[in-house]
Amino acid sequence: MAFTWNGLRALGVDEGSLATFPEEFKQGMVARAEMLGDTGENHPDNWVGGLASPELHAIAILFARDAAERRRCLTEHDQLVARCEGVEVLSTLDLEATPPFDYAHDHFGYRDRLSQPVIEGTGEVPTPGTGAPLKPGEFILGYPDEDGPPANLPQPEILSRNGSYMAYRRLQEHVGRFRDFLREHGKTHEEQELIAAKLMGRWRSGAPLTLAPEKDDPALGADLQRNNDFNYKEMDPHGYAVPLGSHMRRMNPRDTAANINRRRMIRRGATYGPHLPEDAPEDGVERGIAAFVICASLIRQFEFAQNVWANDRNFHELGNERDPIIGAQDGTLEYKIPKRPIRKKSPACRPSPR
């Protein structure tokens, strides 16, 4: 269960306590839309489901292993809401894996859930290349973080300890347009797959271009002991394998960024909307990803990633680029694929945040 600042006020939290929350949380995502890159088609005026409304007070996330369990959870939730006077459901969104079901992937076909930070003390062992476990306070309030003991927490302690901040993003994926883009810029199926890999930084199987620069390696993509075991500074400093502006390199620059351990986030989510068959044209039906980003500081982690990593045109001194997958595009940007002896430029293609 996640509450907005307005939601906490509606619950009766006193003004003194509300004032102890950080400014970015108090303002909310709508007020910070321009800084986040939510402009043009992605402006809050175009958000669906009441997500831009000041009346949005809470988001309830229901997890279920199958359709029957989901129906049961929804029924119980509806009954609970009916007993709560004054509570109104603004919208709902059903999330479900998209076929084929052999591994988690988005509607574009990219393997998902490959690189997540590990929290110190959980007993989980990081896979090679994902970095050492991070202090719990990087994600959960009330605990030491990578900089030391917890500080500047909302008061009283019951409002913060063992809580976290969550950013909810609904990213629409224009699958037909994405496939058209690949066909426009790649003459063969192999060339199209390479372009898709260059946009992400991995082949759609999950194999990283740093370890498989010329040809896909599905076995590598599926191997959690190998598919994150790489760096950029030594293995690909100029981006000949993974372009400097690719989604993966932007959203986790690894050893090429300062203070990287203070920028990491935990992401959970799933796809929504129907699968678009491979041979089908764009059908106008909305589909995409619902992402829940967990962190201890919205401004230091989530907002920094959106503003600098995803949307800074001059990231890595690229000049006129944004993240080709989640960056805000306006038709004036480009995407450079380094190549010996000359690089290739392409207009960016992306899903639209809503």
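Computed from a predicted model, the values in this text were never measured in an experiment.

Colleague: Pulling in residues and values, what's your account of the overall build of the protein chain?
Modeller: Helix and strand counts for the protein chain come out as ten helices and eight strands. Against the globule reference of 20 Å for 354 residues, the protein chain gives a C-alpha radius of gyration of 21 Å, in line with a compact fold. Overall size of the protein chain, expressed as C-alpha extent along the three principal axes, is 65 × 45 × 40 Å. Relative to its 354 residues, the protein chain shows a buried fraction of 44%. The contacts of the protein chain with a sequence gap of at least 6 include a subset with a gap of at least 24, amounting to 59%. For the protein chain, the exposed surface amounts to about 18400 Å²; the carbon and sulfur share of it is 52%. Computed over 44 positive and 53 negative side-chain charges, the separation of the two mean positions in the protein chain equals 4 Å.

Colleague: Can you lay out the pattern of salt bridges for me, pointing to particular residues and giving the numbers?
Modeller: This structure, assessed with the given rule, holds 23 salt bridges. As a salt-bridge pair, Glu286 and Arg170 come within 3.3 Å of each other at their nearest N and O atoms. Placement of Glu286 in the loop between strand 4 (266-272) and strand 5 (288-295) and of Arg170 in strand 3 (residues 165-172) is noted, with a sequence separation of 116 residues between them. Exposure remark for Glu286: the relative accessible area of 24% places this residue in the partly exposed category. Residue classification places Arg170 among the buried positions, given a relative accessible area of 12%.

Colleague: Help me get a handle on the packing of aromatic side chains, residues and values and all.
Modeller: Applying the stated rule across the entire model yields seven aromatic pairs. Judged by centre distance (4.2 Å) and plane angle (20 degrees), the ring pair of Phe108 and Phe178 falls under stacked. Within this pair, whereas Phe108 is found in the loop between helix 5 (67-83) and strand 3, its partner Phe178 is found in helix 6 (residues 175-185), the two being separated by 70 residues in sequence. Chaining the aromatic ring pairs together yields one cluster made of Phe21, Phe25 and Tyr165. The lysine or arginine in question, Arg111, covers the ring of Tyr103, its NZ or CZ lying 3.8 Å from the ring centre. Between Arg263 and the ring centre of Phe304, over which it is positioned, the NZ or CZ distance is 3.6 Å.

Colleague: So what's going on with the confidence of the model for the protein chain? Residues and values would help.
Modeller: Taken residue by residue, the protein chain gives an average pLDDT of 94. The fraction at 70 or more is 96%. Within the protein chain, strand 8 (residues 352-353) has the poorest average pLDDT of any element, 46, and helix 3 (residues 23-27) the best, 98.

Colleague: Which residues make up unusual backbone geometry, and what are the values?
Modeller: The phi torsion of most residues other than glycine is negative, and most of the peptide bonds are trans. Cis geometry is found at the peptide bond from Pro99 to Pro100, where omega equals -5 degrees. Summarising the element assignment, Pro100 is placed in the loop between helix 5 and strand 3. In this structure, Pro156 follows Gln155 across a cis peptide bond, with omega equal to 0 degrees. Mapped onto the fold, Pro156 is located in the loop between helix 5 and strand 3. The backbone phi angle of Asn162 is positive, close to 70 degrees, even though this residue is not glycine. Among the secondary structure elements, Asn162 is positioned in the loop between helix 5 and strand 3. Looking at Asn162, the relative accessible area reads 53%, which means it is exposed.

About the cut-offs
- Throughout this description, residue numbers start from 1 for each chain and increase along the sequence as written.
- Under the rules for a predicted model, residues below a pLDDT of 70 receive no local features and side-chain atom pairs below 80 are neither given nor counted, while totals for whole chains, interfaces and linings still include all residues.
- Where side-chain values are given, they derive from all heavy atoms of the structure, hydrogens and water being excluded.
- Here a helix means four or more residues in a row that DSSP labels H or I, a strand means two or more in a row labelled E, and each is numbered from the N terminus.
- Radius of gyration here uses only the C-alpha atoms, and the compact-globule reference equals 2.2 Å multiplied by the residue count raised to the power 0.38.
- Note on exposure labels: buried denotes an accessible area under 20% of the residue type's maximum, exposed denotes more than 50%, and partly exposed covers the range between, all computed with a 1.4 Å probe on protein chains only.
- For this analysis, residues touch if any pair of their heavy atoms sits within 4.5 Å.
- The accessible surface values rely on the Shrake-Rupley method and a 1.4 Å probe; as for residues, cover is taken only from the protein chains in view.
- This count recognises Lys and Arg as positive and Asp and Glu as negative, with His and chain-terminal groups excluded.
- Charge positions come from single atoms, namely NZ of Lys, CZ of Arg, CG of Asp or CD of Glu.
- Salt bridges, as used here, are contacts in which a Lys or Arg side-chain nitrogen is within 4 Å of a carboxyl oxygen on Asp or Glu.
- A pair of Phe, Tyr and Trp rings is counted when the ring centres sit within 6.5 Å of each other, with Trp represented by its six-membered ring. The angle between the planes then sorts it: under 30 degrees is stacked, over 60 is edge-to-face, the rest tilted.
- Counted as over-ring charges are cases with an Arg CZ or a Lys NZ within 6 Å of the ring centre that also lie within 35 degrees of the ring normal.
- Scored from 0 to 100, pLDDT reflects the predictor's confidence in each residue.

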